[in-house]
Amino acid sequence: MNISVKERMSTRMRLFKNFTALSTLQATEYLLPLITMPYIIRIIGPEKFGLLAFATAFTLFFQMFTEYGLSYTATRDIAYHKEDKKKLEEIYNSVLTLKLLLLILSFMLFAVIIFAFNKFRTDSLIYLLTFGTVIGNVMLPSWFYQGLQKMKSLTVISIITKIVYTIGVFMLIKEVNDYVYIPLINALCLIIGSIIALLFVKKISGVKMKMPKATLIKHWIKRGGHVSSATILMSIYLQSRTVILGLFTNNTIVGFYSIAEKLTSFINSFPLNSFLSTLMPQVTTVYKENKMKG
């Protein structure tokens, strides 16, 4: 067997492993809620479930803002420079720092909205706890793992945290008033999982955390701008239905709508998303070696 055939087989196996890992992760993200959702609805009822769904949809706008298109641009650059440790370290620290700055800015805006309008102020605790998922997502270096095509470790971490969340729901949600624990459990599991993922970065790549230069952060601000506008618009399109419904109707109606939406989203989304997320880093690597082949 010549070298080119060996390399081709190795590439295919790596793609298959990453596709399997991403598919498993996304399937878990959809399937575990299908297990907990009937239980949650039965305990807290459609009204409180609708409140949680509205808070989640509203908070996702801020999550997309902190993403700033970096899940695409950073993943591409990590894949492109994966053999250059110094460059990887620059990208890793610059992107994390920028995401942290965007988190602070988004929370300030989030807090102003929550406490300025009665619609949000009444259930401010729920919204603040739900915002914890934004913190967790900012800390989660999934773009780094994806760019290096090493999704197995992240998949294991994510699945364990989701299983812990599921166990937590069945253990702690026993009556209607326990609905407040749902966003708390979700946020804590995501934040803890993200911390573990950050610790594993050094193990899989040797990259260390350090303060990046201001010029590098400015570079990523410019780099992510055009992608960010597109992803934010897409988020508005996808989440505005739930938010608009919550603004003009009531939590019970939002609850019934969210149940239907969650049941259909699994079929519509995860296989294609896994395929595209797996393919992008590999296409970037090939393009670096040979533009025509890429």
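Just so we're clear, the structure is a prediction, and the values are computed from it rather than from any experiment.

Draft legend 1. Quick peek at the overall build of the chain. Within the chain, the secondary structure is distributed over 11 helices and zero strands. If you list the helices and strands of the chain from N to C, you get α-α-α-α-α-α-α-α-α-α-α. As presented, the chain carries roughly 15700 Å² of accessible surface, and 68% of it is formed by carbon and sulfur atoms.

Draft legend 2. Inspection of the pattern of salt bridges at higher detail. Tallied over the full model, the rule gives four salt bridges. A salt bridge links E90 to K87; the nearest nitrogen and oxygen atoms lie 3.9 Å apart. Taken together, the residues E90 and K87, both in helix α3 (residues 85–116) and three residues apart, mark about one turn of the helix. A residue is classified by how much of its surface remains accessible, and E90, at 27% relative accessible area, is partly exposed. The class of K87 is partly exposed, set by a relative accessible area of 30%. Two residues, E89 and K210, come together in a salt bridge whose shortest N-O distance is 3.3 Å. Of this pair, E89 sits in helix α3 while K210 sits in the loop between α9 (181–205) and α10 (214–248), and the two are 121 residues apart along the sequence. Classification of K210 as exposed rests on a relative accessible area of 53%.

Draft legend 3. Geometry of the side chain of K99. When you line up the elements, K99 lands in helix α3. The contacts of K99, once residues within four sequence positions are left out, are T66, E67, L70, N137, V138 and W143.

Draft legend 4. Examining the packing of α3 against helix α6 (residues 132–139) more closely. As a packed pair, α3 and α6 sit with axes 9 Å apart at the nearest point and diverge in direction by 165°. One finds that α3 runs roughly antiparallel with respect to α6. Helix-helix and strand crossings are classified by hand; for α3 and α6 the assignment is right-handed. Contacts from L96, K99, L100 and L103 of α3 reach α6 at V134, I135, N137 and V138. Its residues assigned to classes, the contact of α3 with α6 shows six nonpolar, one polar and one charged.

Draft legend 5. The arrangement of the environment of R76 in detail. Among the structural elements, R76 can be located in helix α2 (residues 70–80). Sequence separation of R76 and Q146 is 70 residues, and the distance between their C-alpha atoms is 9.1 Å. Of the polar contacts made by the side chain of R76, one reaches the side chain of D77; its length is 3.4 Å.

Draft legend 6. Representation of the packing of aromatic side chains in the model. All chains considered together, the criterion is met by 14 aromatic pairs. Ring centres of Y39 and F170 lie 4.8 Å apart, and the angle between their planes is 50°; on these two criteria the pair is classed as tilted. Here Y39, found in helix α1 (residues 3–67), pairs with F170, found in helix α8 (residues 151–172); they are 131 residues apart in sequence, far enough to count as distant. The interplanar angle of 85° and the centroid separation of 6.3 Å between the aromatic rings of F54 and Y127 together place this pair among those described as edge-to-face.

Conventions we followed
- Residues numbered from 1 in each chain as written.
- Predicted model: local features only at pLDDT ≥ 70, side-chain atom pairs only at ≥ 80, totals over all residues.
- Heavy atoms only, no water.
- Helix = DSSP H or I, 4+ residues; strand = E, 2+ residues; numbered from the N terminus.
- Areas by Shrake-Rupley, 256 points an atom, 1.4 Å probe, with all protein chains shown as cover.
- Salt bridge = Lys/Arg side-chain N within 4 Å of Asp/Glu carboxyl O.
- Buried < 20%, exposed > 50% of the residue type's maximum accessible area, 1.4 Å probe, protein only.
- Contact = heavy atoms within 4.5 Å.
- Axes fitted to C-alpha atoms, helices over the stretch in contact; angles between N-to-C directions.
- Parallel < 35°, antiparallel > 145°, perpendicular 65-115°, else oblique.
- Left-handed = near helix turned anticlockwise from the far one by under 90°.
- Nonpolar A, V, L, I, M, F, W, Y, C, P; charged D, E, K, R; others polar.
- Polar contact = N/O pair within 3.5 Å; in protein donor to acceptor, adjacent residues only side chain to side chain.
- Phe/Tyr/Trp six-rings, centres within 6.5 Å; stacked < 30°, edge-to-face > 60°.

So yeah, pure geometry; function would need other evidence.
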